[in-house]
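# Chain and residue survey
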Amino acid sequence: MKTFRFFPLCAVMTMFMYVTAARAGIYHVDNIAGDDARDGRSPETAWRSLTPVNATTFKPGEVILLRAGGQWAGEMLHPLGSGAPGAPIRVGRYGDGPRPALHGRGEVPTVVRLENQEYWEIADLEITNRAPDGPRPLRGVELRARDAGVLHQVHLRRLLIHDINAPFVYDDSNVVAKSFGGIATLIEGDRVQTAWDGLVVEACEIRDVSAIGMTMNSTWTRGHRDNDAATWFPSRNVVIRSNIFERTARNGLVVRACAGALVEHNLFTECAISGSGNASFVFHSDDTVFQYNEARYTRFNPGDHDAAGFDSDYNCRRTIFQFNYSHHNDYGFILLCNNGRVGFNEDTIVRYNLSYNDGGNVIRLSGPVRGARIHNNTIIVGADMTNPREGHLPRIIYHKSWNGWSDDTAFHNNIIVNLSEQAVYDPGESTNNRHSHNLFFGAHPMSEPVDPHKLTVDPGFVTVAPAGTGRASMIAAFQLRPDSAAIGAGWVLPTQGGADFAGQLVWPISGRVDLGAFTVPVTTR
């Protein structure tokens with residue numbers, strides 16, 4: 001009589017993954033000791049150039065490793081094939097030393113490229129693409145898709161991308177210029193609905209690039225306004241996290257054609273150094289969440305229209321900006337805009353953010369923006385606040401026309417400390433603005449909004465002199481003291497959310513919440 005031995009399912013799966021991994025190829029590339037005539041299957045038989053890599057169609061689970069410290073010039077990395085669920089194809093490094101460096105030198109239009117491919121993970125590379133004879137239409141990383149359906153799980157991690165000199169205005173078209181730079185995801189075609197599902201860009205450093213740090217484009221945005229399923233086909237499960245965008249010619253980040261994208265823990269510093277651009281913006285997207293980001297030192301150039309930290313651009317719905325830190329941006333903390341001829345911007349939420357010493361227009365609404373909810377923010381207007389546009393006063397809240405005016409904007413539970421004798425509020429011809437339960441302290445211009453539950457007392461911060469400009473210093477300085485009049489002075493809103501700028505839980509008590517971006521813990525009340 002035979003005895004059958006049954007293995008637990010987890011053990012069977014472990015053995016299966018081990019066998020799969022053992023069969024998967026691991027390929028090595030060494031620009032010094034390698035030889036393209038070898039098989040690349042070990043460090044001792046490594047390839048030398050990227051040519052055999054690009055000529056190979058890789059299978060699920062296979063790995064491409066470049067030698068640490070190696071350098072490849074004037075070559076594009078464009079391996080073929082796709083991975084599979086649970087078995088992505090990985091690109092990385094082996095050995096000790098700095099990241100493998102791929103220098104395009106303007107000899108290739110992009111340095112790393114995938115086209116109609118999915119289940120890839122690319123990590124730990126240095127990428128440059130500077131043409132010595134001047135700007136060209138160049139990119140560092142290009143993820144391109146055309147009539148391909150849904151493409152899954154493309155992850156970019158720990159890439160250092162720098163020194164790319166694409167033109168920041170190309171053929172006099174801002175749209176074209178905004179398809180070049182550090183990372184570009186380009187969805188094209190009109191026959192087969194195409195989108196990303198599981199695009200992740202994490203822990204990358206993108207600096208000294210033109211025009212854009214990271215940009216997204218898609219041809220599948222038509223019909224967005226009416227949710228036309230035939231022509232509106234957004235990317236999903238897009239995560240852009242813990243990256244540094246530094247010294248970009250224009251925008252640091254452009255998010256387009258997404259549903260439910262998450263943008264968090266990124267640093268935007270010195271963006272728009274050559275041309276008009278907010279540090280980050282979202283366009284043609286629904287339900288995007290920007291949180292825990294820091295935007296600083298965005299530059300305003302003569303003739304510019306933008307230089308804020310954040311932007312809810314037109315053709316967007318239900319965008320949320322929360323727990324973000326904006327400071328020393330030349331043209332403000334945030335812009336909410338809508339081109340009234342062709343666009344829409346509906347139900348943007350701006351809550352529990354901190355704006356410190358931003359210039360220009362701290363909060364700007366341009367065009368027929370509808371239903372914005374701006375609450376529980378702490379805004380510190382510096383004594384030296386200026387507006388870089390010649391002849392314009394600095395503005396704390398500014399509504400302007402762009403083929404129409406904003407409507408149904410609510411400002412509640414905010415703390416505004418105005419140390420400027422010049423700063424004003426300018427509602428223009430906007431309609432149905434509501435201000436309630438806000439605290440205004442410092443200078444009070446005649447244009448300060450009418451608020452039936454206004455407080456005009458000292459907000460009672462721990463200190464008004466932060467030890468530095470880092471996030472931790474801001475949290476330490478602008479917490480509320482136990483005797484603050486802002487405690488329990490706000491009303492609970494449908495969009496309240498569950499946490500504050502510092503990560504403290506928001507606990508409504510008797511239908512009331514604290515004003516500003518910080519809440520006092522229940523245990524210390």
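Shown above is the structure to which this text applies.
Residues numbered from 1 in each chain as written. Predicted model: local features only at pLDDT ≥ 70, side-chain atom pairs only at ≥ 80, totals over all residues. Heavy atoms only, no water.

### Structural notes on the sheet that holds strand β15 (residues 212–218)
What counts is decided by this rule: DSSP-based pairing: two strands are paired if at least 2 bridges between them are found. The helix and strand labels rest on DSSP assignments: H or I over at least four residues marks a helix, E over at least two residues marks a strand, and numbering proceeds from the N terminus. An axis is simply a line fitted to the C-alpha atoms; with a helix, the fit covers only the stretch in contact. Between two such axes, the angle follows the N-to-C directions and lies from 0 to 180 degrees.
Here we have eleven strands laid out as an open sheet, ordered β6-β9-β12-β15-β19-β23-β27-β31-β35-β38-β41, and parallel in their pairing. Two strands close off the open sheet at either side, each with one partner strand: β6 (110–115) and β41 (424–426). The average undirected angle you get between the axes of adjacent strands in this sheet is 10°. Of the strand pairs in this sheet, strand β27 (residues 310–312) and strand β31 (residues 334–337) are connected by three bridges, and their pairing is parallel. Residue serine 312 lies in a different strand from β31, and its bridge partner there is leucine 336.

### With respect to the nonpolar core
How we decide: Buried residues of nine kinds, namely Ala, Val, Leu, Ile, Met, Phe, Trp, Tyr and Cys, make up a nonpolar core once their side-chain atoms join them within 4.5 Å. When a residue's accessible area, from a 1.4 Å probe over protein chains only, is under 20% of the maximum for its type it is buried; when over 50% it is exposed; and in between it is partly exposed. The contact criterion used is simple: two residues touch if any of their non-hydrogen atoms lie within 4.5 Å.
Core analysis: the largest hydrophobic core is formed by 81 residues, its most contacted members being Leu66, Val141, Trp196, Met214, Val255 and Ile363. In this view, valine 141 contacts Thr110, Val112, Ile127, Leu156, Leu159, Ile161, Gly182, Ile183 and Ala184; residues no more than four positions away in its chain are not counted. Residues Leu439, Met474, Ala477 and Phe518 belong to the second largest nonpolar core, which totals 19 residues.

### A closer look at empty space enclosed by the protein
This is how it is decided: Using protein atoms alone on a 1 Å grid, points that fit a 1.4 Å probe yet trap it form a cavity, whereas open point sets bounded by protein on both sides within 12 Å along at least five of seven lines form a pocket; residues with an atom within 4 Å of a point count as lining. Grid points are joined across faces, edges and corners, and a volume is the space filled by probe spheres set on the points. When residues are sorted by character, Ala, Val, Leu, Ile, Met, Phe, Trp, Tyr, Cys and Pro go into the nonpolar class, Asp, Glu, Lys and Arg into the charged class, and all the rest, Gly among them, into the polar class.
Tallying each qualifying case throughout the model produces one cavity of 30 Å³ or more. Taken as a whole, the largest cavity holds about 50 Å³ of empty space. Surrounding the largest cavity, Ile363, Ile379, Ile397, Phe411, Asn414, Ile416, His435, Asn438 and Phe440 form its lining. Among the residues forming the lining of the largest cavity, the class breakdown is six nonpolar, three polar and no charged.

### Comments concerning the pattern of salt bridges
Rule in force here: Only one rule defines a salt bridge in this text: a Lys or Arg side-chain nitrogen within 4 Å of an Asp or Glu carboxyl oxygen.
Applying the stated criterion across every chain, the model contains 31 salt bridges. Glutamate 142 is the partner of arginine 139 in a salt bridge, and the nearest nitrogen-oxygen pair spans 2.9 Å. Between glutamate 188 and arginine 144 there is a salt bridge whose closest N-O contact spans 2.6 Å. With glutamate 188 in strand β12 (residues 181–188) and arginine 144 in strand β9 (residues 139–146), this residue pair connects regions lying 44 residues apart in the sequence. Linked through salt bridges whose partners overlap, the residues forming this network are Arg113, Glu115, Arg139, Glu142, Arg144, Arg146 and Glu188.

### Focus on the side chain of asparagine 418
Tracing the sequence through the fold places asparagine 418 in strand β40 (residues 415–418). Since its relative accessible area comes to 2%, asparagine 418 is described here as buried. In this view, asparagine 418 contacts Val381, Ile396, Ala423, Phe441, Gly442, Ala443 and Pro445; residues no more than four positions away in its chain are not counted.

### Overview of the pairing of strand β2 (residues 63–67)
Most of β2 is tucked away: four of the five residues are buried. As paired elements, strand β1 (residues 26–29) and β2 share four bridges and run parallel to each other. Of the residues in β2, the one forming a bridge with histidine 28 is leucine 65. Two strands pair when backbone bridges link them, and β2 and strand β4 (residues 89–94) are joined in this way by five bridges, in the parallel orientation. The residue of β4 that forms the bridge with leucine 66 is arginine 93.

### Points about the pairing of strand β10 (residues 150–157)
Along any regular strand, the residues point their side chains to alternate faces of the sheet. Where strand β7 (residues 120–123) meets β10, four bridges bridge the pair, whose relative direction is parallel. Note on β10: the bridge partner recorded for isoleucine 122 is leucine 156.

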